[in-house]
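For reference, the chains in residue letters:
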Amino acid sequence: MRCYAFLLIIISFSFITTANAQLKGKTTCPAFEVDILNGKVNGLKPDRTTNEITGKFPCYTTMTEENSSSKCGGMIVYKDKDITFFTGRNYVEIGPAFKGKMITPLLGTKRGSHFRTLGTPKVKDDKWDAFQTSYGCLVLYYGADNKVKKIQFSTYGTSTIQLCE
């Protein structure tokens, strides 16, 4: 009889400890929607603060705070979406595996096919073109096939932007 009472007490304690367990849901983000012509991601410009960006997109992969010892200033990385906000340098970088919607799709387009929309580049190189925009600048990087593989846009102009290497 004592054995059953002891076993009943142990079982009761195990139920009490599991009853206090906290349910935690997965952090979800809204879908990323990039408006290249206005320099915004879901209405946010690249000069927004870390708190504003993580408040709107809480599912970041890594975050680096802005301080004097950080190489690139503050960064908020969404690796699974292939988009990064550089908060210390006020620009957004979109990689080739971007998962989201672009109002003006540029990834994978041929070099020269978007000049009608963007105008003539202000600065050119063999692997990239930089366009002055109403909000700052837009930089398109090209792969060996001469198609857009990476996009950066900033609230700074082509003469003042500081990109992270």
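Please refer to the structure placed before this passage.
A quick note: this is a predicted structure, and the numbers were derived from the prediction, not measured.

1. A few points about the nonpolar core
- Counting 26 residues, the largest nonpolar core has I83, F85, L138, I151 and F153 as its most contacted members.
- Elements represented by at least two residues in this core include exactly β4 (75-78), β5 (83-86), β6 (91-94), β10 (137-142) and β11 (148-154).
- Of all hydrophobic cores here, the second largest spans 5 residues; its members include A130, C137, Y141 and I161.

2. Things to note about the state of the cysteines
- Counted under the stated rule, the structure contains 1 disulfide.
- A sulfur-sulfur separation of 2.0 Å characterises the disulfide bridge that pairs C29 with C59. Because the torsion about its S-S bond is -120°, the bridge between C29 and C59 counts as left-handed. Taken together, the residues span a long stretch of sequence, with C29 in the loop between α1 (2-19) and β1 (33-35) and C59 in the loop between α2 (50-56) and β3 (62-64) at a distance of 30 residues.
- Assessed through its relative accessible area of 22%, C29 is described here as partly exposed.

3. Some details on the environment of P46
- Turning to its location among the elements, P46 is positioned in the loop between β2 (40-41) and α2.
- For P46, a relative accessible area of 1% corresponds to the buried category.
- In this structure the C-alpha to C-alpha distance between P46 and V92, which are 46 residues apart in sequence, comes to 5.9 Å.
- Not counting residues up to four positions away in its chain, the partners in contact with P46 are G39, N90, Y91, V92, F153, S154 and T155.

Rules of the game
- Residues numbered from 1 in each chain as written.
- Predicted model: local features only at pLDDT ≥ 70, side-chain atom pairs only at ≥ 80, totals over all residues.
- Heavy atoms only, no water.
- Core = buried A, V, L, I, M, F, W, Y, C linked by side-chain atoms within 4.5 Å.
- Buried < 20%, exposed > 50% of the residue type's maximum accessible area, 1.4 Å probe, protein only.
- Helix = DSSP H or I, 4+ residues; strand = E, 2+ residues; numbered from the N terminus.
- Disulfide = S-S within 2.5 Å.
- Contact = heavy atoms within 4.5 Å.

Interpretation note: all reported values are geometric properties and have no functional meaning in isolation.
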